[in-house]
Amino acid sequence: FAGEVVTFVKAAASFTGEHYPERSGRIYVLNAPSFFGVVWRLVKPLVDPVTLAKVCVVDSSSSGDGGGAIRAALMERIPFESIPREYGGGSMIPLGYAPEEGMLRDLMSYNN
């Protein structure tokens, strides 16, 4: 199982680097399973240093604060009212339904 995760992370990192260079301002990994830390330590050396500097892994399970660690991490870059409620924010728009996401889906459908 861990081998599949390593393969996936490598492929995702490669795909992102090839198709979306410098597009991501920050990459958040939230609610990762308990084994993620072990896999992440194995994969980290394979990730481009510029991309690596943008990755923020938030482990809320060990903090015991009911998701406060996630909200705090997101609020470093995202206004409270733009953070989905699932992550302790005040956005009334369900995750995945922001107007920008709809425009992106429409563009992808049009181009493909």
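Up top you'll find the structure we're talking about.
Nothing here was measured: the structure is a model prediction, and the numbers come from that model.

Enquirer: Just checking my understanding: could you explain the packing of aromatic side chains for this structure?
Expert: Describing an aromatic ring pair means giving the distance of the ring centres and the angle of the ring planes. The full count for this structure, using the stated rule, is one aromatic pair. Here the aromatic rings of phenylalanine 36 and tryptophan 40 are separated by 5.9 Å at their centres, their planes lie at 15°, and the arrangement is stacked. Of this pair, phenylalanine 36 and tryptophan 40 both sit in helix H2 (residues 36–43), four residues apart, which is roughly one turn of the helix. Like phenylalanine 36, the residue tryptophan 40 is buried in the burial classification.

Enquirer: Help me out: how do you make sense of unusual backbone geometry in this one?
Expert: Negative phi characterises most residues that are not glycine, and trans characterises most peptide bonds. We note that asparagine 31 has phi near 55°; this positive angle belongs to a residue other than glycine. With respect to the helices and strands, the residue asparagine 31 is situated in the loop between strand E1 (27–30) and H2. What makes asparagine 31 partly exposed here is its relative accessible area of 47%.

Enquirer: In this structure, what is going on with a nonpolar patch on the surface? I would like to understand it.
Expert: A cluster of nonpolar side chains, contributed by Leu104, Leu107, Met108 and Tyr110, occupies part of the molecular surface with about 470 Å² of accessible area. A relative accessible area of 72% places tyrosine 110 in the exposed class.

Enquirer: What exactly am I supposed to notice about the environment of valine 43 here?
Expert: Looking at the secondary structure, you find valine 43 in helix H2. Valine 43 sits 34 residues away from valine 9 along the chain, and the two C-alpha atoms are 7.3 Å apart. Not counting chain neighbours up to four residues away, the residues in contact with valine 43 comprise Val6 and Val9.

Enquirer: In this structure, what is going on with the nonpolar core? I would like to understand it.
Expert: Most often, soluble globular proteins have nonpolar side chains that are buried together. Within the largest apolar cluster, nine residues are counted, these being Val5, Val6, Val9, Phe36, Val39, Trp40, Val43, Val47 and Val55. Of all elements in the fold, only helix H1 (2–19) and H2 reach the threshold of two or more residues within this core. Counting residues per element, this core draws most heavily on H2, which supplies four residues. Beyond its immediate stretch of four places on either side in the chain, valine 5 contacts Phe35 and Val39. Cys56, Val58, Leu74 and Ile83 belong to the second largest nonpolar core, which has six residues in total.

Criteria and cut-off values
Residues numbered from 1 in each chain as written. Predicted model: local features only at pLDDT ≥ 70, side-chain atom pairs only at ≥ 80, totals over all residues. Heavy atoms only, no water. Phe/Tyr/Trp six-rings, centres within 6.5 Å; stacked < 30°, edge-to-face > 60°. Helix = DSSP H or I, 4+ residues; strand = E, 2+ residues; numbered from the N terminus. Buried < 20%, exposed > 50% of the residue type's maximum accessible area, 1.4 Å probe, protein only. Patch = residues over 30% accessible without salt bridge, like charges linked within 9 Å, V, L, I, M, F, W, Y side chains within 5 Å. Areas by Shrake-Rupley, 256 points an atom, 1.4 Å probe, with all protein chains shown as cover. Salt bridge = Lys/Arg side-chain N within 4 Å of Asp/Glu carboxyl O. Contact = heavy atoms within 4.5 Å. Core = buried A, V, L, I, M, F, W, Y, C linked by side-chain atoms within 4.5 Å.

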